[in-house]
Amino acid sequence: MQVRSMWKIGKIKRGNNFYPMKPVSFWRSRQATPFYFLLPTLIPLLLLTLYPFLNALWLSFTTYDSYNKDLSFKGLTNFSTLLTGDDLFWVAVRNTVAWTSGVMISTYVLGLITALVLNRPLRFRAFFRAIVLIPWVCPPVVAGRVWGWIYDANFSPLSFLLQQLGLIDHKIAWLADKNLALPAAMGMAIWKLFPFMVVMLLAGLQAVPDELYEASGIDGANAWQQLRFITIPLLNRVGIIALLFSSAWTFNQFDSVYALTQGGPGNHTMLLSLMAYQAGFRYFQFAYAAAIGIIMLIILAVPISIYVRRTLLSSEAAT
Amino acid sequence: MKNSSKDTKPLSRREFLRRAGTLAAAAGAAPILTHFETPPSARAATAEVKKVQFYTNAWQPGCVAAQQAGLDAFNKANPDIKAEYVQGDWGKAQDFITTSLAGGVAPEIMHGIAPWAIQYGIQGGYADLTALIEGSDLKTDTHPRALDDATAPFDHKIYSLPFSWEVGVLYVNADRFKEKGIPIPENGWTWDEFITAAQKLTDPPNYTGLAANLSATQTTEDLIAWMWQTGAEVMTEVGGQWKIDLEPARPALQLWYDMLWKYHITSEASLSSGEADLPAAFAVGTSSMLQTGCWARRVLIEAKPKFQWRMIALPHLKRSAQTDQTQTWGLASASKERGTMDAAWKVMQWMANKDNQIAGALGDWLFPTRKSALADPQFDTTENDWHLAKAEVQNSKAYPKHPAWPEFDDKVLGPNIQRFLQKDLSLDDFISKSTADGEKLLAKYAPK
Amino acid sequence: MIDHVVKPTQSIVSRPLINRTNQLRLQRTLQKLPGTLFSYGWLILISIFTAGPFLWIVSTSFKTRDEVFTITPTLIPNHPTLANYQYILTQTPALRFFLNSVIIACGTMLLAILLTTLGAYALSRFNFRYRRSIGVWLITGQMIPGVVTLIPLFVLFTQLHLINSYFGLIMANTIAVLPFCVWMLKGYFDTVPKDLEEAAMIDGCSRVGAIRRVFLPMAAPGITSVALFSFTSAWQEFMFALTMMKDPSMYPMSVGINFFVGMGGTVAWGNIMAMAVLIIVPSLIFFLFLQRYLISGLTAGAVKA
């Protein structure tokens, strides 16, 4: 019945009889209402995301740089260079995957435990909830600077604290050590993302109805079983959304990491986003940078689309 | 009844659509109503006053004051031109210039170092100043090497006007030198003398002998001076052909490797210490010596270290060499359409005249590029060792000018040096890989 | 409860020390003790982790230069000083930056509320063909790396004359937060039953009227959470602000702080941290005010998202 055509022909019921409706153009029909609602949102959104995306897509198939402003189609040259001729690319891919999965897993686990704890009736709960939110309101610029200071080779308060506690015996140059640089940067990212995860998971926890816990308690389930079979599955709905968005944000993160390490000792903290930035803004190879961006999109899109297909399909069926 | 509501509804549906339409129209009209920027065309349209934006990265208070005073004086003397001081900063300058040029909203005068200006010039963003410079006293009065630094490699055009440069130096803890019985080498010293002295001056973990900036994307800034001193040119033009020249630099790299692992004169912290923290760390005594530019004296003075410090030249091997980091002003080629090019050139000439160069250089703790300005006695004072640095001006060199240099530096040379120093790469591999990758880059960026 | 009355025939010595109810209470508390101990312990650790850097920022903002660059750092400054705050408030355009941040963040918040509510309402209430694809495009938009889109966006904005304008930056910030906010708000709207609006429309309300009178009051928590999220995101946004604002008098604080930071060799840590406190504290207060709406707004949305 929802025939979407230029002229909507249908039947209108008056009394007991059916009379043909006057044909109206789509845009004046009832079916256009959702689009009018969406127009103010969609137009700027499409303009400001579609245009740069198509621009980047086109650029990635050229060999444009600021020296030879050549916008002609060159096929897959950039991509083949990236995949076969550039060692740094694979280093960056490895680092970025480690970075994203490390940050996401740590944030999820820490966030889950914290959300579970904050969900219990404790004293000073509101106070702790407030403290947990602090990293969320701290701008990445500031976070990069503060953590740069915390990890400073000479003046680090963290080194000082660990020395006082007797855990280390000399100052550590966190960002100079090839094994510590990436974990250090991840620590900063976990700190920043943590409140978001806690809030999302807390909201999800509060949506789990208490009756389920009571019923399972009566049936003899202990706390661990309740966690495994009730909490986590029901939490996964919001957990997936939170993971989806935050993994996209983490994967594409650039500002704070660049401010902290600039790619790190011997490229140990070189992420794909940093590589794209340097290719474009340092070497003026904008087509190459666009190609890196497109590959980043592809790498990100594959797991996300699998998730989206599974959850969207299942929740669409539920709705 | 649903039907009756539908019959009386058509007006309200249309009403709704009308309202939604107005909303969308308002949303679309808002940008035009609320934008605050005057389009570039309007800026130059008034024949009365030409506005010239002077984008500068000056940050030391003396230099900021000098530049602002210079612009004020110019505005007073030239009522038909309004020179506007726009503050930038070295950290974001390149991004700012790149995006401004891409969007066509670049300021008329842009401050940077000579290699950047050459790149922007070749790309067409900066105007060719060769004729303008030759038509003024800047051609004869500017130190020839400074002009050469600003000259592009292939078309030999000058795309920016140099006005100041620095000398790479070594700051030393004079008290500690005295303590260990080492005389301050005011007349220069060799690498061997340096290593012998440094070994006595290092006492990890309390303090190290030498601190330098070897952090990512800045790795070669300090290290390249040592490579030059071995006679290697790193990236140079030989008979019209550009090539990578790293083989002679072996001693330099081996020296730093030994300083790190054998003599413990420097620590791994150098691989992450940015330029920002080094003077402050030196001032609290974490190292006996610090390699950086002569601009850092003011920072040291402000830090009020509890010891006497001196500024001396780097040790030399086959020759003396350090980086000169020539600072230049570029003229946006877009200013021609805007009609502000002549006005901007006037501003540049004024700011680059002898007195302004002297004031700016003194305020920045650097040296001017005009020969007449360099002759000023204020640059010969012994207080804060101006005289020692000035003696090294003749030995300073500029980074390679080839467009391939940024990518070679950040992507090949820098990371390879770091990996070599962290024992991930052998010296032979370092030289062969860097040379091979460098040659590829030279081919990639060769002018077509 | 009768059993807590002491039987008068019991003597003092034979009366149990604690009665049955309290004994049960004590038992239950002891059972929960490991859990409670762990909870408090964990919360304290996490608090140190999250608040530590912030405490460091605050503490450094009260330090003189000598105390900042010292080998033995202290949490509480030995010679606290207000000089840093004095400097940034009187000698720098920090207040101007603050005002700009307020304008931009509030503008983003209002525009985001408007667009998100409309969009999420449409996605939630209407069943039309492109519903799924719009949802997918929203997520895809988030996945495009910012560094790559920066220059095309900048050029686009230049052509639209949106550079150096509050509206341009507000627009860019809103687009950045739109996908996540629409997604969550749609989920929240899904939990608000349709019947009430439909009843209102049957009773003669237009759809817009129904929304205004019936729907919005119920949707308030969700909308508040969108307001909070968009405000905070806009308050901290840096990359777009840096690129779009060319006139220093229009910089928001996140860009203004860079001026203390990127200054060549020396970093005026005291000043930067004072500025950082100025950036963080107002946003934190605003956040704390509305945070319970954030959680309740997301709660309902969580189930149906």
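Reading the values: the criteria
- Residues numbered from 1 in each chain as written.
- Chains lettered and ligands numbered in written order.
- Predicted model: local features only at pLDDT ≥ 70, side-chain atom pairs only at ≥ 80, totals over all residues.
- Heavy atoms only, no water.
- Helix = DSSP H or I, 4+ residues; strand = E, 2+ residues; numbered from the N terminus.
- Buried < 20%, exposed > 50% of the residue type's maximum accessible area, 1.4 Å probe, protein only.
- Contact = heavy atoms within 4.5 Å.
- Areas by Shrake-Rupley, 256 points an atom, 1.4 Å probe, with all protein chains shown as cover.
- Domains from an automatic or database assignment.
- Buried area = accessible area lost by both parts, 1.4 Å probe.
- Salt bridge = Lys/Arg side-chain N within 4 Å of Asp/Glu carboxyl O.
- Nonpolar A, V, L, I, M, F, W, Y, C, P; charged D, E, K, R; others polar.
- Pairing = 2+ DSSP bridges.
- 1 Å grid on protein atoms, 1.4 Å probe; cavity = no way out; pocket = protein on both sides within 12 Å on 5 of 7 lines; lining within 4 Å.
- Points joined across faces, edges and corners; volume = space filled by probe spheres on them.
- Core = buried A, V, L, I, M, F, W, Y, C linked by side-chain atoms within 4.5 Å.
- Axes fitted to C-alpha atoms, helices over the stretch in contact; angles between N-to-C directions.
- Polar contact = N/O pair within 3.5 Å; in protein donor to acceptor, adjacent residues only side chain to side chain.
- Disulfide = S-S within 2.5 Å.

J.: Please clarify how the overall build of chain C should be interpreted in this entry.
T.: In terms of regular secondary structure, chain C is built from 12 helices and zero strands. From first element to last, N terminus to C terminus, chain C shows the α and β order α-α-α-α-α-α-α-α-α-α-α-α. Within chain C, the proportion of its 305 residues that are buried is 56%. At a minimum sequence separation of 6, the contacts of chain C that also span at least 24 residues come to 71%. By element, 68% of the accessible surface of chain C is carried by carbon and sulfur atoms, the whole surface being about 13300 Å².

J.: Help me understand the domain arrangement of chain B, please; the structure alone is not making it clear to me.
T.: In many reports, interface size means the accessible area that the parts give up when they come together. Residues and elements named next belong to chain B. As assigned here, chain B comprises domain 1 (13-166 + 324-397) and domain 2 (168-323 + 401-444). Between the C-alpha centres of domain 1 and domain 2 there is a distance of 30 Å. Summing the contributions of domain 1 and of domain 2, the shared interface buries around 2400 Å²; its carbon and sulfur component is 56%. Applying the counting rule to domain 1 against domain 2 returns three salt bridges. Between Lys397 and Glu233 there is a salt bridge, and its shortest N-O distance comes to 3.0 Å.

J.: Help me understand the interface of chain B and chain A in this model?
T.: Each partner contributes residues to the interface: chain B has 41 residues there, and chain A has 44 residues. At the junction of chain B and chain A, the tally comes to three salt bridges. Residue assignment for the side of chain B that touches chain A shows that the elements contributing at least two residues are helix H1 (2-8), helix H2 (10-34), helix H5 (93-103), helix H6 (114-123), helix H14 (278-283), helix H21 (405-421) and helix H22 (427-445) of chain B. The biggest single contributor to the side of chain B that touches chain A is H21 of chain B, with seven residues. Here the side of chain B that touches chain A is composed, by residue class, of 15 nonpolar, 12 polar and 14 charged.

J.: Looking at this structure, I do not really get the pairing of strand S5 (residues 168-173) of chain B. What am I missing?
T.: On a regular strand, each side chain points to the face opposite its neighbour's, so the side chains alternate between the two faces of the sheet. Residue and element names in this part refer to chain B. For S5, the tally of buried residues reaches six of six residues, placing the bulk of the element in the interior. Residue alternation in S5 divides its side chains into two sets, Gly168, Leu170 and Val172 and Val169, Tyr171 and Asn173, and both sets are buried. Here S5 runs beside strand S9 (residues 287-293); their pairing, made up of five bridges, is antiparallel. Looking at S9, one finds that Leu170 is bridged to Gln291. With four bridges connecting them, S5 and strand S10 (residues 309-312) associate as antiparallel partners. In the sheet register, Leu170 faces S10, and the bridge partner there is Ile312.

J.: Just checking my understanding: could you explain empty space enclosed by the protein for this structure?
T.: In this approach a probe as big as a water molecule rolls over the atoms, and the regions it shows empty are the leftover space. Residues and elements named next belong to chain C. Tallying each qualifying case throughout the model produces 14 cavities of 30 Å³ or more. Take the lining of the second largest cavity: its biggest share by element is seven residues, from helix H7 (residues 166-191). Partitioned by chemical class, the residues of the lining of the second largest cavity number 28 nonpolar, 13 polar and three charged.

J.: Looking at this structure, I do not really get the nonpolar core. What am I missing?
T.: If you look at soluble globular proteins, the nonpolar side chains tend to sit buried side by side. Counting residues in each nonpolar core, the largest one holds 281 residues, and the members touching the most others are Trp226, Met227, Met289 and Phe408 of chain B. Considering every element that reaches this core, the biggest residue donor is helix H7 (residues 181-206) of chain A, with 19 residues. By size, the runner-up hydrophobic cluster in this structure holds 31 residues, among which are Ala211, Phe282, Phe307 and Leu366 of chain B.

J.: Is there a simple way to think about the sheet that holds strand S1 (residues 50-56) of chain B in this case?
T.: Sheets are built from strands that pair by backbone hydrogen bonding, the pairs being arranged parallel or antiparallel. All names here are of chain B. Strand order in the open sheet made by the six strands is S2-S1-S3-S12-S4-S13, with mixed pairing throughout. Where the open sheet ends on each side, the last strands, each with one partner, are strand S2 (81-87) and strand S13 (367-368). Note that strand S4 (residues 160-165) and S13 share two bridges and pair antiparallel. Bridge pairing in S13 places Trp165 opposite Phe367. With respect to the sheet, helix H17 (residues 341-351) is in contact with S1, S2, strand S3 (109-113), S4 and strand S12 (327-331), its orientation differing from that of S12 by roughly 165 degrees.

J.: Just to check I follow, could you spell out the interface of chain C and chain A for this structure?
T.: Counting residues at the interface gives 89 residues for chain C, matched by 97 residues for chain A. Here chain C packs against chain A, burying approximately 8700 Å² in sum over the two surfaces, 82% of which is carbon and sulfur. If you look at where chain C meets chain A, you find 10 residue pairs in polar contact (both at pLDDT 80 or more). When contributions to the side of chain C that touches chain A are tallied by element, the ones reaching two or more residues are helix H1 (20-61), helix H4 (94-125), helix H5 (131-143), helix H6 (146-159), H7, helix H9 (207-236), helix H11 (253-261) and helix H12 (269-304) of chain C. Residues of the side of chain C that touches chain A, tallied by class, amount to 67 nonpolar, 18 polar and four charged.

J.: Help me out: how do you make sense of the sheet that holds S9 of chain B in this one?
T.: Residue and element names in this part refer to chain B. Strands sit in the order S6-S9-S5-S10 across an open sheet of four strands; the sheet is mixed. Looking along the sheet, the strands with just one partner apiece sit at the ends: strand S6 (208-211) and S10. If you compare each strand with its neighbour and ignore which way they point, the axes differ by 20 degrees on average.

J.: For this particular structure, what's the right way to read the pattern of salt bridges?
T.: Between side chains of opposite charge, a pair can form as their charged atoms come close. All names here are of chain B. Scanning all chains against the criterion turns up 24 salt bridges over all chains. Where Arg338 meets Glu108, a salt bridge forms, and the shortest distance between an N and an O atom there is 2.9 Å. In this pair, Arg338 sits in helix H16 (residues 335-338) while Glu108 sits in the loop between H5 and S3, placing the two residues 230 residues apart along the sequence. Here Arg338 matches Glu108 in class, with each residue buried. Measuring nitrogen to oxygen at the nearest pair gives 3.6 Å for the salt bridge that ties Glu407 to Lys411. Of the two residues, Glu407 and Lys411 are both situated in helix H21; the distance of four residues between them amounts to about one turn of the helix.

J.: In this structure, what is going on with helix H12 (residues 219-229) of chain B? I would like to understand it.
T.: Helical periodicity: at 3.6 residues per turn, an α-helix aligns residues three or four positions apart in one direction. All names here are of chain B. Where burial is concerned, most of H12 is hidden: 11 out of the 11 residues are buried. Residues Thr219, Thr220, Glu221, Asp222, Leu223, Ile224, Ala225, Trp226, Met227, Trp228 and Gln229 constitute the buried set of H12. Phi turns positive one or two residues past the end of H12, at Gly231, with a value near 100 degrees.

J.: Looking at this structure, how should I read the state of the cysteines?
T.: In protein structure, a disulfide is the covalent linkage between the sulfur atoms of two cysteines. By the definition in use, this model includes zero disulfides over all chains. The cysteine Cys138 of chain A is free of any disulfide, with Cys106 of chain C supplying the nearest cysteine sulfur at 20 Å. On the basis of relative accessible area, Cys138 of chain A is assigned to the buried category, the value being 2%. You can see Cys63 of chain B has no disulfide; the closest cysteine sulfur is in Cys294 of chain B, sitting 12 Å from it.

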